[in-house]
Amino acid sequence: MKNLFITSTLLLLVFTSCDSNDSDQTNTTTAEAALFTSSNTSGKITYQDLLGSSATVKSFTIASLDAEGISYNSDTDAVIVASRTGNKLETYTGLKSAVKAGTDNLVLALSSLSTEFTNARETAVSGDIVVVAQDQLASNGMVNKLLVYKKTTTSFTLVKSFTTNFKLWGIHINGNDLYAVADLTSDIVLFKDYMNTASGAITATKRVTIAGLVRTHGITYSAADDTMILTDVGSATSGTDGGLVFIKNFSTVFASTAAAGTIAMTNQVRIYGPNSLLGNPVDVAYDQTAKKIYVAERLNAGGEVLVYNYPAMSGDFAPTTIRLEAGVTSVFVLRK
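For clarity, every value in this text was computed on a predicted model and none was experimentally measured. (Residues numbered from 1 in each chain as written. Predicted model: local features only at pLDDT ≥ 70, side-chain atom pairs only at ≥ 80, totals over all residues. Heavy atoms only, no water.)

**Considering the overall build of the protein chain**
Test applied: Comment: elements are numbered from the N terminus, with helices defined as DSSP H or I runs of at least four residues and strands as E runs of at least two. Taken over C-alpha atoms, the radius of gyration is set against a globule rule of 2.2 Å times the number of residues to the power 0.38. Partly exposed describes any residue whose relative accessible area lies between the buried limit of under 20% and the exposed limit of over 50%, with all areas from a 1.4 Å probe on protein chains only and scaled to the type maximum. The protein chains shown are the only cover counted for residues, whose accessible areas, like all others here, come from Shrake-Rupley with a 1.4 Å probe. Counting rule applied: Lys, Arg positive; Asp, Glu negative; His and chain ends not counted. For the purpose of locating charges, the reference atoms are NZ of Lys, CZ of Arg, CG of Asp and CD of Glu.
Scanning the protein chain for helices and strands turns up two helices and 27 strands. For 336 residues, the compact-globule estimate of 2.2 N^0.38 gives 20 Å, and the C-alpha radius of gyration of the protein chain, at 18 Å, lies within 12% of that figure. For the protein chain, the spread of C-alpha atoms along the three principal axes comes to 50 × 45 × 40 Å. Residue burial in the protein chain is summarised as follows: out of 336 residues, 58% are buried. Surface exposure of the protein chain reaches about 12100 Å², of which carbon and sulfur atoms provide 54%. When the 25 positive and 29 negative side-chain charges of the protein chain are each reduced to one mean point, those points stand 2 Å apart.

Here it is as structure tokens:
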């Protein structure tokens, strides 16, 4: 989730996610840093103030038992999730007042139609644009799709719909470009200037393979330090073979890699091994200011939020903190 700082960030407000992915907002009055998560089993989202003296996590009930692709806009106090329960985008408001009052009363302010996608796996947000990744399933005719919505204060309007010839999971917006992982592979895909592409089957601008990575899921990019971060879930049934891949100087590395080429392990920094506790890391978010990486680990212990320091070199590094989070599916960091 993951595409707002984490996922495209040079401004005061940086988002990184579910990916949702990543978009910038500006507000110079109050510093904020917070972590948000969604779940596919609990019907809850969580909020954690990363600047407060206490690491208390607050949970809020939402209408969807199963949700993916969380993001948050502090200026509008709005949480967006892709509901896999109702097959629609949902916006919840009132988080700040609920946190202050210690209540569980978020307001479902608006939602998209329930007939436009099923089996959502991620969202990417940039300004008023929200992209949903639909993974193939019998209920959607085994069609992989990218759905582009424009959000207003009253509605989500579907403005474009693209089909892809590969399975989707994580997506990330960077400026006018959209990055996607090709599920069941070790590949990432770039759709350059995607908003100026007509709806229908979309052709990748470039697709490359990440050496040594088994199966991509989570993706986020930080423009501030030109780093791409990917998660590797390995085997879906193994709780020990997951990992994180960091590609520094990504814009140069990606540009110099031919289409259908491979980004070598010499261009990667990697966290793998038993100490990492990575089994099925399904989403990743990055706080470039604090140099912290947040991971939604879905398999181990029924769901955990793992936090890592930004690595200077490859290794089997243990998380700095571990938090049980049942069914955690996406992570999103706000910093401004």
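**Some remarks on the side chain of aspartate 287**
Filter applied, for reference: Polar contact criterion, stated in full: a pair of N or O atoms within 3.5 Å, where within protein one must be able to donate a hydrogen and the other to accept it, and residues adjacent in sequence count only if both atoms are side-chain atoms.
Examined against the element boundaries, aspartate 287 turns out to sit in strand β23 (residues 281-287). Within the local environment of aspartate 287, its side chain forms a polar contact with the backbone nitrogen of alanine 290, the two atoms lying 3.2 Å apart. At 2.8 Å, the side chain of aspartate 287 forms a polar contact with the side chain of arginine 335.

**Let's talk about the confidence of the model for the protein chain**
Stated precisely, the cut-off is as follows: For every residue, the predictor assigns a confidence score, pLDDT, that lies between 0 and 100. By definition, residues are in contact when any of their heavy atoms lie within 4.5 Å.
Residues of the protein chain with pLDDT of at least 70 account for 91%, and the chain-wide mean is 93. Note on residues 1-16: pLDDT under 50 across the span, and 144 contacts to partners over four residues away in sequence or across chains. Confidence over residues 22-27 falls short of pLDDT 50; this stretch has 47 contacts with residues more than four positions distant or in other chains.

**Quick notes on the environment of leucine 213**
Relative to the helices and strands, leucine 213 is located in the loop between β17 (206-210) and β18 (216-222). The class of leucine 213 is buried, set by a relative accessible area of 5%. The spacing of leucine 213 and glycine 170 is 43 residues in sequence and 15 Å in space, taken between C-alpha atoms. Excluding anything up to four places from it in sequence, leucine 213 contacts Thr185, Ser186, Leu230, Thr231, Asp232, Val245, Arg270 and Tyr272.

**Thoughts on the sheet that holds strand β10 (residues 129-134)**
Note the following rule: Paired strands, as defined in this entry, are two strands with at least two bridges between them according to DSSP.
Strand order in this open sheet of five strands is β9-β10-β11-β12-β16, and the pairing throughout is mixed. Two strands lie at the open edges of the sheet, namely β9 (120-126) and β16 (200-201), each paired on one side alone.

**Points about the pairing of β17**
Consecutive side chains along a regular strand alternate between the two faces of the sheet. Residues Lys206, Val208 and Ile210 line the buried face of β17, whereas the alternating positions Arg207 and Thr209 sit on a face that is not buried. Pairing of strand β15 (residues 187-191) with β17, which is carried by four bridges, proceeds in the antiparallel orientation. From the neighbouring strand, leucine 190 faces β17, where its bridge partner is lysine 206. Taken together, the two bridges between β17 and strand β21 (residues 262-263) define a ladder with parallel strand orientation. If you follow isoleucine 210 over to β21, its bridge partner there is isoleucine 263.

**Concerning the side chain of serine 39**
Looking at the element boundaries, serine 39 is found in strand β2 (residues 33-39). On the basis of relative accessibility, which here comes to 1%, the residue serine 39 falls in the buried class. Here threonine 41 takes part through its backbone nitrogen, which lies 3.0 Å from a polar atom of the side chain of serine 39.

**Considering the environment of valine 57**
Looking at where valine 57 falls in the secondary structure, it is placed in strand β4 (residues 57-61). Contact partners of valine 57, with chain neighbours within four places excluded, come to Thr46, Tyr47, Gln48 and Arg323.

**Brief notes about the pairing of strand β6 (residues 78-83)**
Burial runs high along β6: six of the six residues are buried. Here strand β5 (residues 67-73) runs beside β6; their pairing, made up of five bridges, is antiparallel. Within β6, the position partnered with asparagine 73 by the bridge is alanine 78. Connecting the antiparallel pair β5 and β6 is a turn made up of four residues, with aspartate 77 showing a positive phi of about 55°. By the bridge criterion, six bridges tie β6 to strand β7 (residues 88-93) in an arrangement that is antiparallel.

**Observations regarding the sheet that holds β17**
In spatial order, the strands read β13-β14-β15-β17-β21; together these five strands make up an open sheet with mixed pairing. Each end of this open sheet is capped by a strand with a single partner; those strands are β13 (168-174) and β21. Bridge count for strand β14 (residues 177-182) against β15 is five bridges, and the pairing is antiparallel. Counted as the bridge partner of tyrosine 179 is leucine 190 from β15.

**Brief notes about the pattern of salt bridges**
For clarity, the threshold we go by: A carboxyl oxygen of Asp or Glu within 4 Å of a side-chain nitrogen of Lys or Arg is what we treat as a salt bridge.
Counted according to the given criterion, the structure contains 16 salt bridges. The partner of lysine 96 in a salt bridge is glutamate 32, and the shortest N-O contact between them spans 3.9 Å. A residue pair is termed long-range when its members are at least 10 positions apart, and lysine 96 in helix α1 (residues 95-101) and glutamate 32 in the loop between β1 (14-16) and β2 qualify at 64 residues. Relative accessible area serves as the criterion here: at 38%, lysine 96 is assigned to the partly exposed category. With its nearest N and O atoms 2.8 Å apart, the salt bridge here joins aspartate 187 to arginine 207. Separated by 20 residues along the polypeptide, aspartate 187 in strand β15 and arginine 207 in strand β17 bring together distant segments of the chain. Bridged by salt links that share partners, the residues Glu32, Asp75, Lys96 and Lys336 form one connected network.

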